[in-house]
Amino acid sequence: MTERSIAVISAGLSKPSTTRMLADRLGDAVASHLAEGGDEVTVEVIELRDLAHDITNNLLTGFPSVALEKALQTVHTADGVVAVTPIFAASYNGLFKSFFDIMEPDSLTAMPVLTAATGGTARHSLAIDYAMRPLFAYLHANVASTGVFASTDDWGSDEDGVKPLPERIGRAAGEFAALVATSTRSKELRDPWALPAGFRPMGPSGLE
Amino acid sequence: MQFGIFSVGDITADPTTGREPTENERIKAILTIAKKVEEVGLDVFALGEHHNPPFVPSSPTTMLGYIAAKTEKLILSTATTLITTNDPVKIAEDYAMLQHVSDGRVDITLGRGNTGPVYPWFGQDIRQGIPLAIEHYSLLHRLFREDVVNWSGKFRTPLQGFTATPRPLDGVPPFVWHGSIRSPEIAEQAAYYGDGYFANNIFWPKEHYMKLIGYYRQRFEQYGHGTADQAIVGLGGQVFMRKNAQAARDEFRPYFDNAPVYGHGPSMDEFTEQTPLTVGSPQQVIDRYAAMRDHFGDYQRQLFLMDHAGLPLKTVLEQLDLLGEEVVPVLRKELAKNRPATVPDAPTHASLVAAANQIKEDARRNGADAPHSTSAAADLLDSVQTGSVTR
């Protein structure tokens, strides 16, 4: 039995939000997939709304509050990240982007990531692929091929009858869980307080 | 235990009046503040070095040289001297000169500088900040200790048969502190050389600095300069006081809310909770800073930032009176309590000269020749630098 931790990031602005609803559904689906494989799973949800002031303060001052530092560490040390944002003006919202802006550049290297988004209509669904995916590619994350988009219709009676939301969640969670199950990333994390390999405190350019 | 003031020398409009001092007014104010630091019985005045507005002190040794002439006991230091963008040759010359001018009342705090655009103005690149700090300091360390230096490196033209003049006063270089806010590499560098480590902790929560300082102490011991609790640690601090705590908060709030760096960000309450900033009565300042050693261990130097964010000179001078009359005398007593006798004071020129003489004396008594080889001399000076020989 392997212990796995999944960080679920929700950038919904209202409480409750459909973004958080989707995030919870994905978190549950991922946890049951991994549990089926024999893993012991903890899911930690990071509600960015609760950290919105701290995130802005970090942008301005350059340092995180204690609560924000804890959230950043939860993400950095996770075995996989489920990232869910509402789509605003054709992309992830500003809060979502700001959270990734303040992360150390290598925080998500090789991290399995499941992307998901919410919006009013399915016409926004490609934002997952043209906005979220490049962001995580830049961060050297390992993004699952299927992302999940849930529009207002998906929560009501007009949902897609052929590929309903639960089925799409199941497929994405399965793909993501497979990436998490084979990832060794969290075992290989570099201690941020450790010196870089080959560092010497003396001599020309520290390499002597 | 040394107490002092450090200034970054920002020119900021007073948010309560909108009035911005001229460069000349601000420069003169800094000089007045430095003289006041000695008057109120503090030990150290440290000046930042910046090459971009709104900061004015681009030429610290000019200002420190003036302050040296106007004071008698005050230790002159920096906060920080840019080891990345300055030529180490010029640092060696400037600070050895300041040593002679001030009769040895000088030490240096080295820093990298975190303003990207400044680097190319001096032909450097901020992405090379750490390698620059390592290479430049390794050269500076030699220039201070070896009369003739042959050297080549990556970031500066080679030196052949070069002698930095003047030579350090009494053959003893100024004590060096390495300032850093987040890089373990710099803590490692300070530990390697047995130099001091100055943690400018005024912006970050203490947990961050407990790790960095703990690391420096542990490595200081591993490099053989003494035990971990004998490592030389300095801390930054920031306070605003009035007899009445609420009056202090009311008066400082507009300066906090509009300050460069953290203004328009966290609330003053959040910031005072998370960082060493203390706004209140002198007793509250005493309580907060007497507890610093519970987190960081017994340390050697406490500097306060007092003259920024557009605070008028008159207010800053009042703050220094409170610090000198009501806070520091009590802190000196508090921090002396239960301080192990093995914990050294911050090295001064006098203590470094005494340590060097002690080594010579010991060598003579043992009938051994004074070491001649460069490396033996460098080792000798290393142990002199930290005073470890006398402990």
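Residues numbered from 1 in each chain as written. Chains lettered and ligands numbered in written order. Predicted model: local features only at pLDDT ≥ 70, side-chain atom pairs only at ≥ 80, totals over all residues. Heavy atoms only, no water.

Peer 1: Explanation requested: the overall build of chain A in the structure shown.
Peer 2: When you go through chain A residue by residue, the secondary structure sums to 6 helices and 7 strands. Going from N to C terminus, chain A has its helices and strands arranged as β-α-β-α-α-β-β-α-β-α-β-β-α. The C-alpha atoms of chain A give 18 Å as radius of gyration, which agrees with the globular expectation for 208 residues (17 Å, within 12%). If one aligns the C-alpha atoms of chain A with their principal axes, the spans along those axes are about 70 × 40 × 30 Å. Within chain A, buried positions represent 49% of all 208 residues. Considering only contacts in chain A between residues 6 or more positions apart, those separated by 24 or more positions represent 79%. In chain A, which carries 16 positive and 26 negative side-chain charges, the distance between the mean positions of the two groups comes to 2 Å. (Helix = DSSP H or I, 4+ residues; strand = E, 2+ residues; numbered from the N terminus. Rg over C-alpha atoms; globule rule 2.2 N^0.38 Å. Buried < 20%, exposed > 50% of the residue type's maximum accessible area, 1.4 Å probe, protein only. Contact = heavy atoms within 4.5 Å. Lys, Arg positive; Asp, Glu negative; His and termini not counted. Charge placed at Lys NZ, Arg CZ, Asp CG, Glu CD.)

Peer 1: Would you mind going over the overall build of chain B with me for this structure?
Peer 2: Broken down by element type, chain B carries 14 helices and 12 strands. Expected size for 391 residues packed as a compact globule is a radius of gyration near 21 Å; at 21 Å, chain B falls within 12% of this value. Each principal axis of the C-alpha distribution contributes one length, and for chain B these read about 65 × 50 × 40 Å. Of all 391 residues assigned to chain B, the portion counted as buried reaches 57%. Within chain B, contacts between residues at least 6 apart in sequence are counted, and of these 72% link residues at least 24 apart. Surface accessibility of chain B: about 15,500 Å² in total, with carbon and sulfur atoms responsible for 51%. Charge centroids of chain B, computed over 37 positive and 47 negative side chains, lie 1 Å from each other. (Areas by Shrake-Rupley, 256 points an atom, 1.4 Å probe, with all protein chains shown as cover.)

Peer 1: I tried to follow helix 6 (residues 184–193) of chain B on my own but got confused; where do I start?
Peer 2: Structurally, the α-helix is built with 3.6 residues per turn, so residues lying three or four positions apart point the same way. Residue and element names in this part refer to chain B. Within helix 6, 9 of the 10 residues are buried, which leaves it mostly tucked inside the rest of the structure. Every buried residue of helix 6 is accounted for by P184, E185, I186, A187, E188, Q189, A190, A191 and Y193. Where helix 6 terminates, the next one or two residues include G194, which has phi positive at roughly 70°.

Peer 1: Any chance you could explain the environment of B:V328 here in plain terms?
Peer 2: All names here are of chain B. Examined against the element boundaries, V328 turns out to sit in helix 12 (residues 313–336). Along the chain, V328 and E188 lie 140 residues apart, while their C-alpha atoms are 31 Å from each other. Non-local contacts of V328, meaning those with residues more than four positions away in its chain, are made with F3, L42 and L323.

Peer 1: I'm lost on the pairing of strand 8 (residues 175–180) of chain B in this one. Help?
Peer 2: The side chains of a regular strand alternate, residue by residue, between the two faces of the sheet. All names here are of chain B. Of all 6 residues in strand 8, 6 are buried; the element is thus mostly enclosed. Here strand 8 shows two buried faces, one formed by F175, W177 and G179 and the other by V176, H178 and S180. The pairing of strand 5 (residues 107–111) with strand 8 spans 4 bridges and is parallel. Its bridge partner lying in strand 8, T109 is registered against W177. By the bridge criterion, 4 bridges tie strand 8 to strand 9 (residues 196–199) in an arrangement that is parallel. When the bridges of strand 9 are listed, W177 appears paired with G196. Handedness of the strand 8-helix 6-strand 9 crossover: right-handed. (Pairing = 2+ DSSP bridges. Right-handed = clockwise from strand over helix to strand, strands pointing away.)

Peer 1: Got a minute to help me understand the pairing of strand 2 (residues 40–47) of chain A in this structure?
Peer 2: Residue and element names in this part refer to chain A. Relative to strand 2, strand 1 (residues 3–10) runs parallel, the two sharing 8 bridges. Counted as the bridge partner of S10 is E47 from strand 2. Running through helix 1 (residues 18–36), the crossover from strand 1 to the neighbouring parallel element strand 2 is right-handed.

Peer 1: Is there a simple way to explain the interface of chain A and chain B in this structure?
Peer 2: The accessible area lost on association of the parts is a frequent measure of interface size. Tallying the contact residues gives 23 residues for chain A and 34 residues for chain B. Summing the contributions of chain A and of chain B, the shared interface buries around 2,100 Å²; its carbon and sulfur component is 68%. There are 1 salt bridge connecting chain A and chain B. Among the salt bridges present, the one from A:E104 reaches B:R182, with a minimum N-O distance of 2.6 Å. At the surface where chain A touches chain B, the tally comes to 1 residue pair in polar contact (both at pLDDT 80 or more). Along the lines of polarity and charge, the residues of the side of chain A that touches chain B split into 13 nonpolar, 7 polar and 3 charged. (Buried area = accessible area lost by both parts, 1.4 Å probe. Salt bridge = Lys/Arg side-chain N within 4 Å of Asp/Glu carboxyl O. Polar contact = N/O pair within 3.5 Å; in protein donor to acceptor, adjacent residues only side chain to side chain. Nonpolar A, V, L, I, M, F, W, Y, C, P; charged D, E, K, R; others polar.)

Peer 1: Looking at this structure, I do not really get the packing of aromatic side chains. What am I missing?
Peer 2: For any two aromatic rings, the description comes down to two numbers: the centre-to-centre distance and the angle of the planes. One pass over the full model with this rule turns up 20 aromatic pairs over all chains. Judged by centre distance (4.8 Å) and plane angle (55°), the ring pair of A:F96 and A:F100 falls under tilted. With a gap of 4 residues between them, A:F96 and A:F100 both fall in helix 4 (residues 94–101), about one helical turn apart. Looking at A:F96, the relative accessible area reads 0%, which means it is buried. Relative accessible area serves as the criterion here: at 4%, A:F100 is assigned to the buried category. Plain terms: the ring middles of B:F6 and B:F198 are 6.0 Å apart, the flat faces sit at 75° to each other, and that makes the pair edge-to-face. In this pair, B:F6 sits in strand 1 (residues 2–7) while B:F198 sits in strand 9, placing the two residues 192 residues apart along the sequence. The same class applies to B:F6 and to B:F198, which are both buried. Here the aromatic cluster, defined as three or more aromatic residues joined through ring pairs, consists of A:F63, B:F203, B:W204, B:F256, B:Y262 and B:F271. (Phe/Tyr/Trp six-rings, centres within 6.5 Å; stacked < 30°, edge-to-face > 60°.)

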